[in-house]
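# Working through the structure, step by step
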Amino acid sequence: MRFELPQAPLQPLHLPWLASARVQVAVLRLDLIDPLISGNKWFKLRHHLAQADASAAPGLISLGGNHSNHLHALAAAGRRFGFATAGLLRGQPQETPTVRDLQALGMQLHWLGYEGYRARHQPGFWAPWQAQYPGWHCIAEGGGGLAGAEGCALIMQQAHAGLSAIGWAGYDAWWLAAGTGTTLAGLVLAEAGGHTVHGALAVPLGYGVPQAVQALAGDHGYLLHEACRGGFGKFDDELLAFIEASEQATGVPLEALYTGKALLALRDKVEAGYFAPGTRLVFVHTGGLQGRRGYL
Ligand SMILES: *Cc1c(COP(=O)(O)O)cnc(C)c1O
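What this report covers is the structure whose coordinates are included nearby. (Residues numbered from 1 in each chain as written. Predicted model: local features only at pLDDT ≥ 70, side-chain atom pairs only at ≥ 80, totals over all residues. Heavy atoms only, no water.)

## What about the site of the ligand?
What counts is decided by this rule: One heavy atom suffices: a residue is near a molecule or strand as soon as one of its heavy atoms comes within 4 Å of it. Two N or O atoms form a polar contact when they lie within 3.5 Å of each other; inside protein one atom must be a possible hydrogen donor and the other a possible acceptor, and for residues adjacent in sequence the pair counts only when both atoms belong to side chains. Per-residue and other accessible areas follow the Shrake-Rupley method at a 1.4 Å probe size, with only the shown protein chains counted as cover for residues. Runs of E in the DSSP output that reach at least two residues are strands. Runs of H or I that reach at least four are helices, and both are numbered from the N terminus.
Around the ligand, the structure places 14 residues, and the nearest of them are Lys41, Gly179, Thr180, Thr183 and Thr286. A distance of 2.7 Å is found between an oxygen atom of the ligand and a backbone nitrogen or oxygen belonging to Gly179. Thr180 places a polar side-chain atom, nitrogen or oxygen, 2.6 Å from an oxygen atom of the ligand. When the free accessible area of the ligand is taken as 390 Å², the share hidden by the protein chains comes to 97%. Of all the secondary structure elements, the ones that give two or more residues to the shell around the ligand are α2 (40-54) and α9 (182-191).

Rendered as structure tokens:
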């Protein structure tokens, strides 16, 4: 495939609460695959880029909020691989670091308001955009769906490729943040029952993530854990202090929407004795660091 980025490093994570429970964690640094196209969003976009390429689409169009990691990765990938991009944004025009990057990367922005954005799941939603951007490849919010999930199978291959360098013969399970659950579903499909995939939910249970994961990956091979701490994008002092302490101890940067909450939920499970001593976990660093400029 024409659309490749380098291998993500797999690094052992040293934290006191892991050592006392004798649980080993290696972090797959998807945040390091590229300076601009960060994290799981790249893997979710790969098949969309290939589809746009195959159909000779002039560009790609998708939706998101004004800190969206997905739109950021799309704009950067479009610039890198020679596609025009357009972004449909929630709310009123606003300047955020992310929005400034989208503009600098050449993405055409359209602000839909809140009302207009809510219509995104309605049947006729895409028609006017398809008329305005004929032949462009449309991507659902967040890069969800099967194309997104299938692109994430490569995350498993990348972890496997990094095992020997850290002296691991294998691993027992995965731990990662889940927003739409697409990345998690992709790993479940790739594992095909080999290892359990634990998803730390960055959104409340009522947002339909269990149903979305089930539709993509069935009933088995994964477990979902609540991790959103009162809502998507809600931060509390314990979370922020935990992120700071973890960054200082490990040198691995985290953000507060997904990766910080996922690691804190893991700590709570580990301290509660959820994982037997000797367990080896792959923690996926799903990236998203660009977004934290807007709120940290
Ligand atoms: C989007 C995102 C997620 C969630 O990925 P899903 O595939 O929607 O579950 C997790 N972490 C980061 C940093 C993200 O940007």
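Structure's up, so let's keep going.
## A few points about the nonpolar core
Heads up, the condition is: Definition used in this section: a nonpolar core is a set of buried Ala, Val, Leu, Ile, Met, Phe, Trp, Tyr and Cys residues joined via side-chain atoms within 4.5 Å. The buried label goes to any residue with under 20% of its type's maximum accessible area, the exposed label to any with over 50%, and the partly exposed label to all in between, with areas taken from a 1.4 Å probe on protein chains only.
Residues Trp42, Ile155 and Trp174 are the most contacted members of the largest nonpolar core, which totals 56 residues. Tallying contributions element by element places helix α3 (residues 69-81) first for this core, with 7 residues. Ala21, Ala202, Ala227 and Phe283 belong to the second-largest nonpolar core, a separate cluster that totals 31 residues.

## Side note on the environment of Gly91
Let me state the cut-off plainly: Residue contacts are defined here by distance: any two heavy atoms, one from each residue, within 4.5 Å place the two residues in contact.
Mapped onto the elements of the fold, Gly91 is located in the loop between β4 (84-89) and α4 (97-104). Other than its neighbours up to four places away in sequence, Gly91 contacts Trp111, Leu112, Gly113 and Tyr114.

## Details of the side chain of Asn66
Checked against the element boundaries, Asn66 lands in the loop between β3 (59-64) and α3. For Asn66, a relative accessible area of 15% gives the class buried. Among the polar contacts listed, one links the side chain of Asn66 to the side chain of Gln94, at a separation of 2.7 Å. With near-sequence residues (within four places) excluded, Asn66 lies in contact with Leu89, Gln94, Thr96, Thr98, Val99 and Trp111.

## Some points on α9
Of all 10 residues that make up α9, 8 are buried, and the element is covered over most of its length. Along α9, the positions that sit buried rather than exposed are Thr182, Thr183, Leu184, Ala185, Gly186, Leu187, Val188 and Glu191. Ala192 sits one or two positions beyond α9 and adopts a positive phi of about 45 degrees.

## Regarding the sheet that holds strand β2 (residues 24-29)
Backbone hydrogen bonds are what pair the strands of a sheet, in a parallel or an antiparallel way. Worth spelling out the cut-off: Any two strands with at least two DSSP bridges between them are considered paired. Interaxial angles span 0 to 180 degrees and are taken between N-to-C directions of axes, which are lines fitted to C-alpha atoms, for helices over the stretch in contact.
Across the sheet, 6 strands lie side by side as β1-β2-β10-β7-β8-β9; this open sheet has mixed pairing. Strand pairing shows two members of the sheet lacking a second neighbour, β1 (10-13) and β9 (222-226), which therefore form its edges. The mean inter-strand angle of the sheet, taken between neighbouring strand axes irrespective of direction, is 25 degrees. Sheet analysis places β2 next to strand β10 (residues 280-285), joined by 6 bridges and oriented parallel. Residue pairing for β10: Val25 is matched across the bridge by Leu281.

## Some words on the packing of helix α11 (residues 237-250) against helix α12 (residues 259-271)
The criterion, for reference: These descriptions rest on fixed angle ranges, namely under 35 degrees for roughly parallel, over 145 for roughly antiparallel, 65 to 115 for roughly perpendicular, and the rest for oblique. Think of it as three bins: nonpolar holds Ala, Val, Leu, Ile, Met, Phe, Trp, Tyr, Cys and Pro, charged holds Asp, Glu, Lys and Arg, and polar takes everything else, Gly as well.
Here α11 crosses α12 at 90 degrees, and the two axes come no closer than 10 Å. Here α11 lies roughly perpendicular to α12, going by the angle between them. Here Glu238, Leu239, Phe242, Ile243 and Ser246 of α11 come into contact with α12, specifically with Gly260, Lys261, Leu263, Leu264 and Arg267. Of the residues in the contact of α11 with α12, the class split is 5 nonpolar, 2 polar and 3 charged.

## Side note on the sheet that holds strand β5 (residues 108-111)
If you walk across this open sheet you meet the 4 strands as β5-β4-β3-β6, and the pairing is parallel. Where the open sheet ends on each side, the last strands, each with one partner, are β5 and β6 (137-138). Direction of pairing for β4 relative to β5: parallel, over a ladder of 4 bridges. Residue pairing for β5: Gly87 is matched across the bridge by Leu109.

These figures come from the coordinates and say nothing about function on their own.
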